[in-house]
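Here is how the chains run, residue by residue.
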Amino acid sequence: MQAYVVARDLGKSFGPKCVLRDLDFTVEPGDVVGVLGKNGAGKTTLLEIMLGFSPASHGRVSVFGQESFALSAASKVRIGFVPQQDELLAPLTARDQVATVAAFYPNWDAPLIERLCNAWELDLDERIQSMSVGQRQKLSILLAMGHRPDLLVLDEPVASLDPIARRRFLEQIVEVTAEADRAVVFSSHIVSDVERLASRIWIVQDGALRWQGGLDALKESVVRIRIRNAGAAEALPFRALHVTRSAGHLSAVVDDWSEARHAALCSQFGEAIEVEPLSLEDIFLALHR
Amino acid sequence: MKPVLRLLYGYFFAVPWLRWLSLAGVATLVLSALYLLFIAQPFAVQGLAVAGLMALFFGTALMPLMVGRLARSKQAALLPWGRARILLSALLTTAIVAFPLPLLGVIALMTVAPKATLEAAFYGNGNSLAQFLTTTFFWQMYVVCAWQCTSLYIVLWFATHERGVAGMLKSLLIPVAVLFVPPRFVRIDPTISLAWPLSLLLATWFLIVAYLLWWPRIAARLTRRFGGITATTSKGGRVASEVDLILELDRPWRFALAQSVPIAVAALFIREPAAWLFYLTIFGVIAGARAGRAAMLSRTLWLRSDADRRALFDRVEKAFWTHTGYQLAALIALMVAVGTFIDLPTRFLGAGIPLILLSGTTTMYLGLAMTRGIRFGDAVSAVALMLAAMSIALLAAKESTPLAAIAGIEAALAVATLALRALAVRRWSALDWSICRR
């Protein structure tokens, strides 16, 4: 099946400031992509260029085979988007807001919205201006899901949700992607959520994709090694992301971990080596040190 | 069409107090039409029809804000034909709101006005007069009304979207055209062409379409071509008291001086005392209207001072008096200058100065009394106040109206101002900032 999103040599500059550079990526049907990055790394810009809100400065990105900056109405119907800041109409009730957006889609799934409203304890008769930030975020997510989009893009969707709502949201995303041919791309600072949900990870660092690939592959690639009784002058035979020494022990976080590297270390340090897998949060922190 | 109809429903009926205003407007207009058709007393129905039109217009007052917010949202870019449908809904709203006035106008002329007078003005026979009224005259009026509605919606957009001097200038310049155009293009005169008002309407809508549909793409392509536009900030420091800064009332002289621009432009086109009083009353109302956000903005003051709610009201009231005072003082000076320049009658100043002072202060206290957002009562009071001020302006400009009668009405407006102040004091004493959030 054709990839939903294909980006080649994608870059974006605002005047002299380069925000994104040389990005190549794809989003396939069934992917759940978690986008991680520090504040200002370029996550939001990346998602916005991907959906055609803003043109790329160079390179190209296509969604459903069309250039994202000129998406047709037929392609737009297949996309759902939750922006970082909600764009709800404050004077309306949630029900009126839902009805307004629903009118644009021929395939709006009203029973799904009704069911999710009950599950997420959202009162549709409440006026948006009197809703809390978390309730508004829930409503924004519902609006993006109501037409059962093939590609759901969420920019920090759970930032204001309480733990219960976050868990329900994650369950819902799992349910959505369980249906064939759906794809989800979401950015978040809550790494544990990304770890629980994403099948693929993009780590954006200084405008570039520092890592993209499967979560398992990432965890196998970035590990912590501990070497007992390593001499003070002894160095690793390859570059490490982070090295600490204490009481004769050496601890290092390395990327590009492989059997060959393991073998190289074993030949240098013998059996005194331990390899410890890292959580996604530890990997993220190590990559940003 | 379904999304467009849904948007229309949203503009007219989704907000309770606007829903009642819209329905009241429709009911009043239907009543006016029936009254004209069966009882045939145009002068008795005039006030009713104007009130209905105002109610219908203000019933859709949130339309510009909603269209602006929707059209510029990222969501609209992903909705199928999103911006085009939003734009169409705005156009249809304008078409609906502009419809009753020409219809009532034609009914009044067809059923009520003395036929001989009309025929003399028209210099034609009865049949062709009827034909003229139901075709050319109706369309002239309709096109001009549609353009006026469009312009007033744009004024509402600027007034609610841009709160600085630039927004005020734009809001006050457009009414000059709104006052200037209709008398020139709507007359019972078969030689008048529809081409000019139609061109004006089309040009205005072309600009709106360009702004909403094409500008985001043009701006994006310009960014792609020339790189981003870096925003610049003023290097000048803001020197003002903390209260003024928090209430966004610093540099009141800028607002006061800025008023001279639209008044100078208006002096080139407007000569009629009634139009001038009407126009200057709008300035007075706008000068006081900034107080509508006072309760919400004062939240920060509460945390930064040891004043209780009553004392806080006194400080806020004082700050608004200073700010509004600058604007009203400049406005009266400009009014005297205009009166001298155009040689307006003395009663123009005699009745006009208190009217402007009262419109500014009444609106200011109405704004200060809005401590829970705009509720139905506040909206009705605002519309009633605006109608009252405009009616007094029109009455005061008439030579036949005794000055004593004007003074009496203005005294009643002064009493209303005191009542609104008392209401504001009472509401501020129990001010709940959690229900007047930004």
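Residues numbered from 1 in each chain as written. Chains lettered and ligands numbered in written order. Predicted model: local features only at pLDDT ≥ 70, side-chain atom pairs only at ≥ 80, totals over all residues. Heavy atoms only, no water.

## Some details on the overall build of chain A
Helices and strands together make up the secondary structure of chain A, namely ten helices and 14 strands. Once the C-alpha set of chain A is aligned to its principal axes, its extents read approximately 70 × 40 × 35 Å. Counting over 289 residues, chain A shows a buried share of 56%. In the form shown here, chain A has an accessible surface area of approximately 12,100 Å², with 49% of it arising from carbon and sulfur atoms. Distance between charge centroids for chain A: 3 Å, based on 30 positive and 38 negative side chains. (Helix = DSSP H or I, 4+ residues; strand = E, 2+ residues; numbered from the N terminus. Buried < 20%, exposed > 50% of the residue type's maximum accessible area, 1.4 Å probe, protein only. Areas by Shrake-Rupley, 256 points an atom, 1.4 Å probe, with all protein chains shown as cover. Lys, Arg positive; Asp, Glu negative; His and termini not counted. Charge placed at Lys NZ, Arg CZ, Asp CG, Glu CD.)

## Considering the interface of chain B and chain A
The interface is formed by 30 residues belonging to chain B together with 33 residues belonging to chain A. Here chain B meets chain A over a buried area of about 3,000 Å², counting both sides, of which 63% is carbon and sulfur. In this structure, the connection of chain B to chain A is made through two salt bridges. Ionic pairing is found between Asp96(A) and Arg6(B), a salt bridge with its closest N-O pair at 2.7 Å. Summed over the shared surface of chain B and chain A, the number is seven residue pairs in polar contact (both at pLDDT 80 or more). Only helix 1 (2-13), helix 4 (63-71), helix 5 (74-78), helix 6 (82-98) and helix 11 (195-226) of chain B provide two or more residues apiece to the side of chain B that touches chain A. Of all the elements, helix 1 of chain B adds the most residues to the side of chain B that touches chain A, at five residues. (Contact = heavy atoms within 4.5 Å. Buried area = accessible area lost by both parts, 1.4 Å probe. Salt bridge = Lys/Arg side-chain N within 4 Å of Asp/Glu carboxyl O. Polar contact = N/O pair within 3.5 Å; in protein donor to acceptor, adjacent residues only side chain to side chain.)

## Points about the confidence of the model for chain A
For chain A, the average pLDDT comes to 87, and 99% of its residues sit at 70 or higher. Per-residue pLDDT, averaged within each element of chain A, yields its smallest value for helix 6 (residues 163-178) of chain A (80) and its largest for helix 3 (residues 94-102) of chain A (93). (pLDDT = per-residue confidence, 0-100.)

## Quick word on the nonpolar core
Nonpolar side chains tend to gather and get buried jointly when the protein is soluble and globular. With 119 residues, the main nonpolar core has Leu139(A), Leu154(A), Phe169(A), Ile201(A), Tyr11(B) and Ile86(B) as its most contacted residues. No other element matches the 14 residues that helix 9 (residues 126-161) of chain B contributes to this core. Dropping the residues within four chain positions of it, Ile201(A) is found in contact with Gly34(A), Leu36(A), Val194(A), Trp211(A), Gln212(A), Gly213(A), Leu215(A), Leu218(A) and Leu280(A). By size, the runner-up hydrophobic cluster in this structure holds 67 residues, among which are Ile263(B), Ile282(B), Ile356(B) and Leu413(B). (Core = buried A, V, L, I, M, F, W, Y, C linked by side-chain atoms within 4.5 Å.)

## Here's the deal with the environment of Thr361(B)
Residue and element names in this part refer to chain B. Residue position: Thr-361 is located in helix 19 (residues 346-369). For the pair Thr-361 and Leu-173, spaced 188 residues apart in the sequence, the C-alpha separation amounts to 22 Å. Residue contacts for Thr-361: discarding those within four places in its chain leaves Trp-321 and Thr-417. Of note is the side chain of Thr-361, whose polar atom sits 3.2 Å from the backbone oxygen of Leu-358.

## Let's talk about the sheet that holds strand 5 (residues 66-67) of chain A
For sheets, the rule is that strands pair by backbone hydrogen bonds, running either parallel or antiparallel. Residue and element names in this part refer to chain A. Read across the open sheet, the four strands follow the order 2-1-4-5; overall the sheet is antiparallel. Only two strands of the sheet have a single partner each, and these edge strands are strand 2 (17-27) and strand 5. Sheet topology places strand 1 (residues 5-14) next to strand 2; seven bridges connect them, and they run antiparallel. Bridged to Lys-12 within strand 2 is Leu-20. Those strands touched by helix 1 (residues 43-50) are strand 1, strand 2 and strand 4 (58-63), and its axis lies near 60° from that of strand 2. (Pairing = 2+ DSSP bridges. Axes fitted to C-alpha atoms, helices over the stretch in contact; angles between N-to-C directions.)

## Thoughts on the packing of aromatic side chains
According to the stated counting rule, one finds 18 aromatic pairs over all chains in the structure shown. Centroid distance Phe25(A) to Trp202(A): 4.5 Å. Interplanar angle 45°. Geometry classified as tilted. Linking Phe25(A) in strand 2 with Trp202(A) in strand 9 (residues 200-205), this pair joins segments that are 177 residues apart in sequence. Each member of the pair Phe25(A) and Trp202(A) is classed as buried. The interplanar angle of 40° and the centroid separation of 6.0 Å between the aromatic rings of Phe12(B) and Phe13(B) together place this pair among those described as tilted. Judged by relative accessible area, Phe13(B) falls into the partly exposed class, the value being 27%. Across the ring face of Phe64(A), the terminal group of Arg78(A) is positioned such that the distance to the ring centre comes to 3.8 Å. A cation over a ring is seen here: Arg309(B) above Trp302(B), with NZ or CZ 4.6 Å from the ring centre. (Phe/Tyr/Trp six-rings, centres within 6.5 Å; stacked < 30°, edge-to-face > 60°. Lys NZ or Arg CZ within 6 Å of the ring centre and 35° of its normal.)

## Describing unusual backbone geometry
At Asp9(A), a residue that is not glycine, the phi angle is positive and equals roughly 55°. When you line up the elements, Asp9(A) lands in strand 1. Of note, the phi angle at Glu248(B) is positive, near 60°, even though the residue is not glycine. Checked against the element boundaries, Glu248(B) lands in the loop between helix 12 (242-246) and helix 13 (252-258).

## What to know about the pattern of salt bridges
All names here are of chain A. The tally for this structure, following the rule as stated, stands at 18 salt bridges over all chains. For the salt bridge of Arg-148 with Asp-109, the shortest nitrogen-to-oxygen distance reads 2.6 Å. Within this pair, whereas Arg-148 is found in the loop between helix 5 (133-145) and strand 7 (151-155), its partner Asp-109 is found in the loop between helix 3 and helix 4 (110-119), the two being separated by 39 residues in sequence. Exposure remark for Arg-148: the relative accessible area of 28% places this residue in the partly exposed category.

## Some words on the pairing of strand 11 (residues 223-227) of chain A
Look at any regular strand and the pattern is simple: side chains alternate between the two faces of the sheet. Residues and elements named next belong to chain A. Taken across its five residues, strand 11 has four buried, putting it largely inside the fold. Looking at chain direction, strand 11 and strand 13 (residues 249-254) are connected through five bridges and run antiparallel. Within the sheet, the bridge partner assigned to Ile-225 lies in strand 13 and is Ala-252.

## Some points on the side chain of Ser73(B)
As for its placement among the helices and strands, Ser73(B) is situated in the loop between helix 4 and helix 5. Among the polar contacts listed, one links the side chain of Ser73(B) to the backbone nitrogen of Ala76(B), at a separation of 3.1 Å. Beyond its immediate stretch of four places on either side in the chain, Ser73(B) contacts Glu87(A) and Arg83(B).

## Here we look at the sheet that holds strand 14 (residues 273-277) of chain A
All names here are of chain A. The antiparallel open sheet is built from four strands, whose spatial order is 12-13-11-14. In this open sheet, the two edge strands, each paired with only one partner strand, are strand 12 (242-246) and strand 14. Taken over all neighbouring pairs, the strand axes of this sheet differ in orientation by 15° on average, direction set aside.

## Considerations on helix 18 (residues 309-342) of chain B
Note on helix geometry: an α-helix contains 3.6 residues per turn, so any two residues three or four positions apart are oriented the same way. Here helix 18 of chain B spans 48 Å end to end across 34 residues, near enough to the 50 Å set by a 1.5 Å rise per residue. Backbone geometry just downstream of helix 18 of chain B places Asp343(B) in the positive-phi region, at approximately 60°. (Expected span 1.5 Å × (residues − 1).)

## Quick notes on the side chain of Arg200(A)
Residues and elements named next belong to chain A. Within the secondary structure, Arg-200 is located in strand 9. Looking at Arg-200, the relative accessible area reads 16%, which means it is buried. Among the polar contacts made by the side chain of Arg-200, one reaches the side chain of Asp-31 at a distance of 2.8 Å. Those residues in contact with Arg-200 that sit more than four places away from it in its chain are Thr-26, Val-27, Asp-31, Val-32, Val-33, Gly-34, Gln-212, Gly-213, Gly-214 and Leu-215.

## Brief notes about the confidence of the model for chain B
Residues and elements named next belong to chain B. Confidence in the prediction for chain B averages 81 pLDDT; 86% of positions are at 70 or higher. Of all secondary-structure elements in chain B, the lowest mean pLDDT belongs to helix 8 (residues 115-122), at 60, while helix 6 reaches the highest, 92. Taken together, the stretch residues 228-237 has pLDDT below 50 and engages in three contacts with residues farther than four places along the chain or on a different chain. Among the prediction metrics, the complex's ipTM stands at 0.78, with pTM recorded as 0.79.

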